[in-house]
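Summary of the model geometry
Single-letter residue listing:
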Amino acid sequence: MPRVESSEIAKALADAAHFLPSQAPLDVFVHHNTLHAFQHLSFHDALAAAGAKLGGAGYLSEAAYRAAHASGRITAAALVAAIEEHAVPRLPEVRGGLPDAGSIARTVLVHGIAPETPAGLAWRIAEEGATRAVARGVSEVARGRIEREGLAALWTACRAAIRGGVEEPAPRAWFPRDALMEVGGDDPNDLVHPLLVLLAGAFLDRGQAQWSMPDREQGLFVAFCRVLSAGHAVRASWLRPLGKMLRAWLAAAATAEDAIADVIAKLGIAPDEVPAFIERALLELPGWAGMFHRVEAAEGRHGVTVRLVDFFAVRMTLDLLALLEIGRRLGHRGPAAELRAFAATLPSLRDAPASGDHDRAWPLFLLAQHLGIGAGDVGAHAPALLELLAALDRPLRLRVWHEAYEACYRDDLLDALAAQRPHAIDAIAPRFQIVTCIDDRNEGIRRHFEEASLAHETFGSPGFFNLAMAYQGIDDPSTFPLCPVVVTPHHEVHEEPVASQIDLAALRERRRRHLDSMTTGLERASHSIVWGPFVTALIGFVTALPLLVTVFAPFVAGRVRRRLESWVLPLPKTRLALPRAETDVAEGHASGFTIAEKAERVGAVLEEIGLTRRFARIVVVLGHDSSSANNPHIAAYSCGACGGRSGGPNARLFARMANRKEVRELLRARGIDIPSTTVFIGGVNDTCADRVVLHDVDEVPAELMPELSALQAALDDASKRHAHERCRRFASAPRRATAEEAWRHVEARGYDPSQARPELGHATNAACVVGRRTLTRGLFLDRRVLLSSYDPTGDVRGAVLERVLLAVGPVGAGINLEYFFSTTDNEIYGAGTKLPHNVTGLIGVMNGASSDLRTGLPRQMIEIHEPIRLQLLVEASLDAIAAVLARRSELRALVDNEWVRLAAIDPASGAIWLRRHGTFVPWSGARTEIPVVARSRDWYRGKSEHLRPARVLARESNGVDVRVTIGDFHDA
C-alpha cells in the first residue's frame, strides 16, 4: 500500500479542522455560531448536514413543539401557514375523497403520528392495548365508523397494506474502531482518551499547573516522544510497545507527519480512505482538537509551539496501540492492518434494522383512525397515505414546527411595533442621555430609565464604541485587546494615576506584590510533603468562618470583602493616557489616538446612533461587564464587542475624547455640533449586580454637580426596578420583595460561589431592532431584543446603515446561534450541566478530571432560552437594505441562507417587509391586540415565563416604591 504524503495529511487535517469547534480559551470566550462550518448552506440544510456529521440535534423535540402548540405558544394559524409554505410543496397530491395534503399534514403534526421503534411498538401492543383503543383526538364521526368495523380489523388491514417492504441492509463496518466495536470489542477510546487528555491539558496549560510540561517549545509530538520514550510514565500493559516506537522515531528525527503516515500504513487505511479516516479520528475528541486548532491560529503563544498536526500524531500513536489491544482481547494476534478482516470473521452484535410494522403500519394505523378510514377502505388509500407519510419525514416535520414556533414570536413583535407607531413618543428637550451597548440585557434598564421621565433618552451602539485598543489597566501586567475578536487593535491606551496619587499607586503595587508572593508561597507549601498537611490545616482553619459567611450571607460577605480590599489595596484616582505624538509608537501599537482619529471615531458612533443634535447637558456612555464568583464562563457574560471583557474602559475613553475641544471643532465641520455646555461621562454597568459606576466625575464642572446627583439617583432607581424585573426569573429570588430588596438579591448572587446561575446572560435573546428609539420606546420587550440605534432620515446613501449592519448582524447572530444550538442539543453542541465542570489549564472546562473539553454553553445558561433565529428588524427603505446586501456578500449569505431572519420597516409609511428566498415580500401580520399597562411591573408581576410585548403608558415617576409579588418560581 503506498505511503500517504505529508501534503495529503496536511490537506485532510485542514479540511477536517473546519468542522472543529472554534471556541477560544476561557479568558476570551466570545459567542459564535456553533455550526460555522456549515454557514455556507441554507439553515435547514445545514442542520441536516451537521446532524449527519456531528450527531447533534438542531431542533427541539417534536414533543416540545406539540406542548408549545397545546399551550398556545404556537398558534393554529402559524402552524397552518408553516405547513402551506414548507410542507405542502414537498407532499404528494392526495385524492379519493380524502382531505387535502395540508390538512393531513396538520393531523400528523398535532397528534404526533410518527414511526415507533420495534421495541416501543411491542410494548404499546402488550401494555397499552394499542390496537384495542381509538387514538386520542379522533373525532366522534371517525370514532363511530372505526368502532363499527373494529380496531383489530383495521390493524390487520394496515399490516397487510405494507407487505412487501424491503429490509434495509445493515451498515458495513468502516474503520478498525467501528469493526471491533461491532463484534463486541471494547471502545479503544476508553484507553486512549484518559492519557491523551492528560497530555493535551498539560501541554496547553496557561498557568494553572505547578510545573510546566517540558519541551513545549518543540511542540506536543516532540514533547510526547521525549517524555514517554523512557517508559517511566507508562504502566498500562497496552502501552508497553510505546517506548520502542517513540525511540525509533526520535532516532530517525521523524516529524509528526511521518508518524501519522506510519500509523495509517500500519492500520491498512487505503489512500482513498485517508481523508474520511482523518476527519473521523479528529472528531472523536473535538473539544481538545478544536482548542489546538484555535490556539495554533492565534497570535502570542509565548514560546509554546501549538500545532494540530502534533495533537493528531499523538492521537494516532495511542490509537494504534489501543486498537491492537482490543483486537488481542478478541483473539487477534496479527498486524493492525488485518483488524478489519479479522472482525469480519466474527458474528456481529448489531441487528439489521428492517422496515415493517413499527415504521409503516403503525403511523398508517393512527392516521386512518383520525381520517375515519375503516379496515375495508384502508387498502385503497394506503399507497397515497404511505407516500405522504414518507414525504412528511421527521426532518420536514421538525422544520415545519420550528418555522411556526419562530413565526409566532416574530408576528407578536412586529404587531407590537406596528401598534406602537401611532403612539410614538414625541421628543422633548432631553435632560439626560445614555448610550449603552446594544446588548439585550440593556433593554430592561433603558426602559426603566425612560419610564421615569420623557426627558430621559437612550441610545444603543456596539459596546466597544468604535475604539479598538490594546488596553492596560492600573493592575494589569500587560495590554489586552478591547475590541471584537476579528479586529486587531493598533492603538495602545494605559490607565495611569493622577499626579497627586502616584505615591498611593506605588503603595498599592507594593502590597499587591507582597500578597501575590504570600499566596504563591502558601500554595507551594501546601503541595510540600513536609509542610503540606500543616499549611492546609492552617488555611482551612483561617478560611472556615469566611467561607460559612459567604455561603449563608453572600451579600454581607461580599460587601465586607470589598471594603477590606479597598483598605488593603487603596485605589488611586486615575486617568487614561494622554494623546500621543504622531511618531510615538510602542510594540507595534500607537500609544494613543491623534485628535483626527478621535474625531473620526467619536463622529462615526454619533452618526450611527443618530445623536448629531439635541444634546443633553449630560451624556453618559455606558459600557458593561459582569461580576460573579466561581464562574469559569465569566467572559461569556461580559461584553462580546470587547472580546469578552469589560466595556468600561472603552466608554471612559470615548467620553474623554468627546469632551475635548479640538475634537468638537472637527466634529462641527462634519455637521455634529456639540454644545460647550454638554459633558460626556463614561461608565460601566455590572449586569449581574445591576450597579452603574460613573468614571472621572471629579472633572464634571461644579455647576453640573446637582444634575449629576439627580442622574445618579435616576440610574440607581432604574437599576433597582430592573433588578426587581430580573428576579421574576430566578427560582431562588424572594417571592415578595421591594425593588431595594431585589437589588440586594442580584448583587448577592454575584458574591455567592455556590450560585450556578449568577445571571441569565443572553438566555432571553431573540431579536435585534435597528432603527430610531421611537420604534420601541414605550414597549415592554422582556429583555429579548438587542437595540441598535440608527436614524435613516440622515443617511441618504446608506453608508451608515452598512456600518451598523456589519457590526450588529454578525455579532447578534453569533450570540443568538450559540444559545440556539446549546439549547437544542446541550450535550453535543453545548457544555452540559456545569455542576461536574472543572477548569483545566485555564483554557476550558471538562467533566471531572478527564473528559473532552466542553464547548458551547452550560445548561444553567440556557434553561429558559427559546431557540429562535435572530429576528433582525431594520428601519430603512427596501432599496437601502438591498444595496447593502448587494455590496456585502457576508451579510447577504447570513440573511439569504436564513441564519438570521430579516424584516424591513419603511421609515415613512411603517410598512413591513420580510426577506424570503432572496427577495422581500409584504408582511400582513397577525394583528393581535397588544396589552397596555401603566408600568412595566404591571405586566411582569407574578409571571416567570416569556412575555409578549406590551405597551407601557407611564411617563413620569411618582417616586413610590411599591411592594410587588414576584410570583412563584420553578427550577428549570
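Preceding this section is the structure that the text describes.
Residues numbered from 1 in each chain as written. Predicted model: local features only at pLDDT ≥ 70, side-chain atom pairs only at ≥ 80, totals over all residues. Heavy atoms only, no water.

The next point concerns the overall build of the chain. Regarding its fold elements, the chain presents 35 helices and 24 strands. By the compact-globule yardstick of 30 Å for 972 residues, the chain fits well, its C-alpha radius of gyration being 32 Å. Within the span of the chain, comprising 972 residues, buried residues form 54% of the whole. Sequence-distant contacts in the chain: of pairs separated by 6 or more residues, those separated by 24 or more amount to 74%. (Helix = DSSP H or I, 4+ residues; strand = E, 2+ residues; numbered from the N terminus. Rg over C-alpha atoms; globule rule 2.2 N^0.38 Å. Buried < 20%, exposed > 50% of the residue type's maximum accessible area, 1.4 Å probe, protein only. Contact = heavy atoms within 4.5 Å.)

Right, let's talk about the side chain of His 724 for a bit. On the secondary structure map, His 724 appears in helix 29 (residues 705–726). By relative accessible area, His 724 is classed as buried at 3%. At 3.2 Å, the side chain of His 724 forms a polar contact with the backbone oxygen of Ala 737. (Polar contact = N/O pair within 3.5 Å; in protein donor to acceptor, adjacent residues only side chain to side chain.)

Consider a sheet: its strands pair through backbone hydrogen bonds, and that pairing is either parallel or antiparallel. One open sheet holds the 4 strands; their spatial order is 4-3-5-6, and the pairing between them is mixed. Two strands in the sheet have a free side with no partner beyond their single neighbour: strand 4 (480–482) and strand 6 (574–576). On average, adjacent strands in this sheet sit at an angle of 35° to one another, irrespective of strand direction. Pairing of strand 3 (residues 469–472) with strand 4, which is carried by 3 bridges, proceeds in the antiparallel orientation. Across the sheet, residue Tyr 471 finds its bridge partner in strand 4, namely Phe 480. On top of the sheet, helix 27 (residues 648–659) reaches strand 3, strand 4, strand 5 (492–497) and strand 6; it is set at about 75° to strand 6, its chief contact. (Pairing = 2+ DSSP bridges. Axes fitted to C-alpha atoms, helices over the stretch in contact; angles between N-to-C directions.)

Our next topic: the pairing of strand 3. Burial along strand 3 is two-sided: Met 469 and Tyr 471 facing one way and Ala 470 and Gln 472 facing the other are all buried. Relative to strand 5, strand 3 is paired through 3 bridges, and the arrangement is parallel. Bridge assignment links Tyr 471 to a residue of strand 5, and that residue is Val 493.

A separate point is the sheet that holds strand 10 (residues 679–686). Read from one edge of the open sheet, 5 strands run 2-1-9-10-11, paired in mixed fashion. Looking at which strands have only one partner, the edges of the open sheet turn out to be strand 2 (456–460) and strand 11 (691–694). Each adjacent strand pair in this sheet contributes to an overall mean axis angle of 25°, direction not counted. Here 8 bridges tie strand 9 (residues 618–625) to strand 10, and the two strands are oriented parallel to one another. Bridging across to strand 10, His 624 finds its partner in Asn 685. The sheet contacts of helix 21 (residues 442–451) involve strand 1 (432–436), strand 2, strand 9, strand 10 and strand 11, and relative to strand 2 the element is tilted by about 160°.

Residues Trp 288, Phe 311, Leu 606 and Phe 654 are the most contacted members of the largest nonpolar core, which totals 218 residues. The leading source of residues in this core is helix 16 (residues 308–330), at 13 residues. In contact with Leu 606, not counting residues within four places along its chain, are Leu 611, Thr 612, Phe 615, Phe 654, Leu 667, Ile 672 and Ile 674. (Core = buried A, V, L, I, M, F, W, Y, C linked by side-chain atoms within 4.5 Å.)

Let us now look at the side chain of Ser 851. Inspection of the secondary structure assignment puts Ser 851 in the loop between strand 17 (844–847) and helix 32 (859–862). Given a relative accessible area of 17%, Ser 851 falls into the buried group. Of the polar contacts made by the side chain of Ser 851, one reaches the backbone nitrogen of Asn 847; its length is 2.8 Å. With residues up to four places along the chain from it excluded, the contact list for Ser 851 reads Val 197, Trp 288 and Met 846.

Take a nonpolar patch on the surface next. A cluster of nonpolar side chains, contributed by Leu 515, Met 518, Leu 522 and Ile 539, occupies part of the molecular surface with about 320 Å² of accessible area. For the nonpolar patch, the element with the most residues is helix 22 (residues 502–526), which contributes 3 residues. Within the secondary structure, Leu 522 sits in helix 22. (Patch = residues over 30% accessible without salt bridge, like charges linked within 9 Å, V, L, I, M, F, W, Y side chains within 5 Å. Areas by Shrake-Rupley, 256 points an atom, 1.4 Å probe, with all protein chains shown as cover. Salt bridge = Lys/Arg side-chain N within 4 Å of Asp/Glu carboxyl O.)

Taken as a whole, helix 28 (residues 661–669) has its buried residues at Val 663, Arg 664 and Leu 667. All buried residues of helix 28 project into a common sector of 95° when viewed along the axis, lining one side. In this structure, helix 28 carries Lys 661 and Ala 669 as exposed residues pointing more than 90 degrees from its buried face. A positive phi of about 90° marks Gly 671, the residue just after helix 28. (Arc of directions from axis to C-beta.)

A positive phi angle, near 55°, is found at Arg 614, a position not held by glycine. Within the secondary structure, Arg 614 is located in the loop between helix 25 (595–609) and strand 9. Since its relative accessible area comes to 32%, Arg 614 is described here as partly exposed.

All right, on to the packing of helix 4 (residues 76–87) against helix 5 (residues 101–110) then. The contact between helix 4 and helix 5 brings their axes to 10 Å, and the two run at 120°. As the angle between them shows, helix 4 and helix 5 are arranged oblique. Considering how the two elements wind past one another, helix 4 and helix 5 form a crossing that is right-handed. Together, Ala 76, Leu 79, Val 80, Ile 83 and Glu 84 of helix 4 and Gly 102, Ala 105, Arg 106, Leu 109 and Val 110 of helix 5 make up the contact between the two elements. Here the contact of helix 4 with helix 5 is composed, by residue class, of 7 nonpolar, 1 polar and 2 charged. (Parallel < 35°, antiparallel > 145°, perpendicular 65-115°, else oblique. Left-handed = near helix turned anticlockwise from the far one by under 90°. Nonpolar A, V, L, I, M, F, W, Y, C, P; charged D, E, K, R; others polar.)

The next thing to look at is the environment of Leu 522. Leu 522 gets classed as partly exposed once you look at its relative accessible area, which sits at 36%. Distance in space between the C-alpha atoms of Leu 522 and Gly 532 is 9.2 Å, their sequence separation being 10 residues. For Leu 522, the residues in contact, after removing those within four places along its chain, are Val 535 and Ile 539.

Now for the packing of helix 5 against helix 20 (residues 394–420). Running from N to C, helix 5 and helix 20 cross one another at 90°; their axes reach a closest spacing of 11 Å. Comparing the axis directions of helix 5 and helix 20 gives the class roughly perpendicular. Of the residues in helix 20, those in contact with Val 108, Leu 109 and Val 110 of helix 5 are Arg 397, Val 400 and Trp 401. Grouping the amino acids of the contact of helix 5 with helix 20 by side-chain chemistry returns 5 nonpolar, no polar and 1 charged.

Our focus in this paragraph is the pairing of strand 2. In terms of residue burial, strand 2 counts as a mostly covered element, since 5 of its 5 residues are buried. Alternating positions in strand 2 separate into two faces, His 456, Thr 458 and Gly 460 on one and Glu 457 and Phe 459 on the other, with burial throughout. Taken together, strand 1, helix 21 and strand 2 constitute a β-α-β crossover, and its handedness is right-handed. (Right-handed = clockwise from strand over helix to strand, strands pointing away.)

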